[in-house]
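Observations on the three-dimensional arrangement
Listed here are the chains, written in short residue letters.
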Amino acid sequence: MTEVSSPVKVALVTGSSRGLGKAMALRLAQDGYAVAIHYGRNQAEAEKVAAEVQAAGGRAEVFGADLTVTANAGTLVDDVIKAMGRLDVLVNNAGITRDTLAIRMKDEDWDAVLQTNLSSAFTASRAAIKHMMRARSGRIINIASVVGLMGNPGQANYVASKAGLIGLTKALAKEYGGRGITVNAVAPGFIQSDMTAELNEDTRTAYLAGIPLARFGQPEDVAALVAFLASESAGYITGQTIGVDGGLYPH
Ligand code: NAP
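Residues numbered from 1 in each chain as written. Predicted model: local features only at pLDDT ≥ 70, side-chain atom pairs only at ≥ 80, totals over all residues. Heavy atoms only, no water.

To continue, consider the side chain of Lys-162. Relative to the helices and strands, Lys-162 is located in helix H6 (residues 156-176). Here Lys-162 sits buried without a salt bridge, and the closest side chain of opposite charge, Asp-99, lies 11 Å off (N-O distance). (Helix = DSSP H or I, 4+ residues; strand = E, 2+ residues; numbered from the N terminus. Buried < 20%, exposed > 50% of the residue type's maximum accessible area, 1.4 Å probe, protein only. Lys, Arg positive; Asp, Glu negative; His and termini not counted. Salt bridge = Lys/Arg side-chain N within 4 Å of Asp/Glu carboxyl O.)

This part takes up helix H1 (residues 19-30). In this model H1 runs 17 Å from its N-terminal to its C-terminal C-alpha over 12 residues, within 8% of the 16 Å that 1.5 Å per residue would give. When we look at burial in H1, the residues that qualify are Leu-20, Gly-21, Ala-23, Met-24, Ala-25, Leu-26, Leu-28 and Ala-29. Where H1 ends, the next residue or the one after it, Gly-32, has phi of about 105 degrees, a positive value. (Expected span 1.5 Å × (residues − 1).)

A word on the pattern of salt bridges. One pass over the full model with this rule turns up eight salt bridges. Across the pair Asp-31 and Arg-27 runs a salt bridge whose closest N-O atoms are separated by 3.3 Å. The salt bridge involving Arg-215 is made with Asp-221; its shortest N-O contact spans 3.2 Å.

Scanning the entire structure with this criterion turns up one cavity of 30 Å³ or more. Put simply, the largest cavity is a space of about 50 Å³. Thr-14, Leu-67, Ala-73, Asn-92, Asn-93, Ala-94, Thr-116, Asn-117, Ser-120, Ala-121 and Ala-124 are the residues that line the largest cavity. Here the lining of the largest cavity is built from residues that sort into five nonpolar, six polar and no charged. (1 Å grid on protein atoms, 1.4 Å probe; cavity = no way out; pocket = protein on both sides within 12 Å on 5 of 7 lines; lining within 4 Å. Points joined across faces, edges and corners; volume = space filled by probe spheres on them. Nonpolar A, V, L, I, M, F, W, Y, C, P; charged D, E, K, R; others polar.)

UniProt records the feature "domain: Ketoreductase" (unreviewed entry) at residues 9-189, using the numbering of this structure. Within the segment residues 9-189, helix and strand shares are 52% and 18% respectively, and the terminal C-alpha atoms sit 29 Å apart. (UniProt positions renumbered as here; feature names shortened; annotations may be inferred.)

Turning next to the side chain of Ser-17. On the secondary structure map, Ser-17 appears in the loop between strand E1 (10-13) and H1. The exposure class of Ser-17 is buried, given its relative accessible area of 8%. In contact with Ser-17, not counting residues within four places along its chain, are Lys-22, His-38, Tyr-39, Asn-42, Glu-45, Ala-46 and Val-49. (Contact = heavy atoms within 4.5 Å.)

What follows is about the sheet that holds strand E7 (residues 241-244). Pairing is parallel in the open sheet, where seven strands are placed in the order E3-E2-E1-E4-E5-E6-E7. Only two strands of the sheet have a single neighbouring strand rather than two, namely strand E3 (60-64) and E7. Across the sheet, the axes of successive neighbouring strands diverge by a mean angle of 20 degrees, strand direction being ignored. Bridging between E1 and strand E4 (residues 89-92) involves three bridges; their strand directions are parallel. Each bridged residue has a counterpart across the sheet, and for Val-13 the counterpart in E4 is Val-91. Where H1 meets the sheet, it contacts E1, strand E2 (34-39), E4, strand E5 (138-143) and strand E6 (181-188), and its direction lies at approximately 170 degrees from that of E1. (Pairing = 2+ DSSP bridges. Axes fitted to C-alpha atoms, helices over the stretch in contact; angles between N-to-C directions.)

Take a look at the structure:
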């Protein structure tokens, strides 16, 4: 593969057409990265995010890939490197829920969530690490969830995928620290987005009662931590899982 060299650092945020991923991409663009905006189904929304970056004088390119199909995540990373010349930061953010009690959970609901949230993060990371090893530097940031640490009824598939991401983070941090690559996980709590808008009022009220900072988070709260972990300042932090949850689950 011929890679076009680029002096500007490149960040890929999976699932950046909406929600938390969009806020991360916009924040990384503000911090001077050229950003790869990725979408699954919402190409038009991804194009809008890219246009917002470009209007502010930044560089953004749009890539589509269905991450339910695990192999697509590796191809996505290769495509970004080919088109944008390098990859310095990979944020594995794309994620889905298929909530129901375990006894009612269909195999396809288990598989879709594990493939999208965990297996695709592995495949993307594997492709990114091969490139980052040559550069002897890189940042991988996995967007887990507070429920991956504390568990949650009705979300066996989602919780398992997020706990798996935390384990993957620790393993990759140990494997590739010597190559200058840091791997960390972010565990958001209750953040306002399309995903949490689906929750019913009782669940929202119950969560709010358990949050010491007495408010739900904003996507920008999570993006600020991602930007820090991507930065040079975070160079001695690896293998960690850091919460952005208003104090919901200190660990
Ligand atoms: P969201 O608003 O539902 O957005 C999900 C993003 O993932 C979208 O950009 C979507 O792309 C992409 N995506 C979903 N399925 C995909 C697939 N099969 N292939 C490719 N892309 C796919 O979710 P969010 O709330 O921003 O959550 C982002 C991440 O944070 C997720 O990993 C989630 O588990 C985690 N998180 C969120 C919260 C929260 O409170 N919101 C809390 C903890 C953790 P398209 O729309 O283009 O298909």
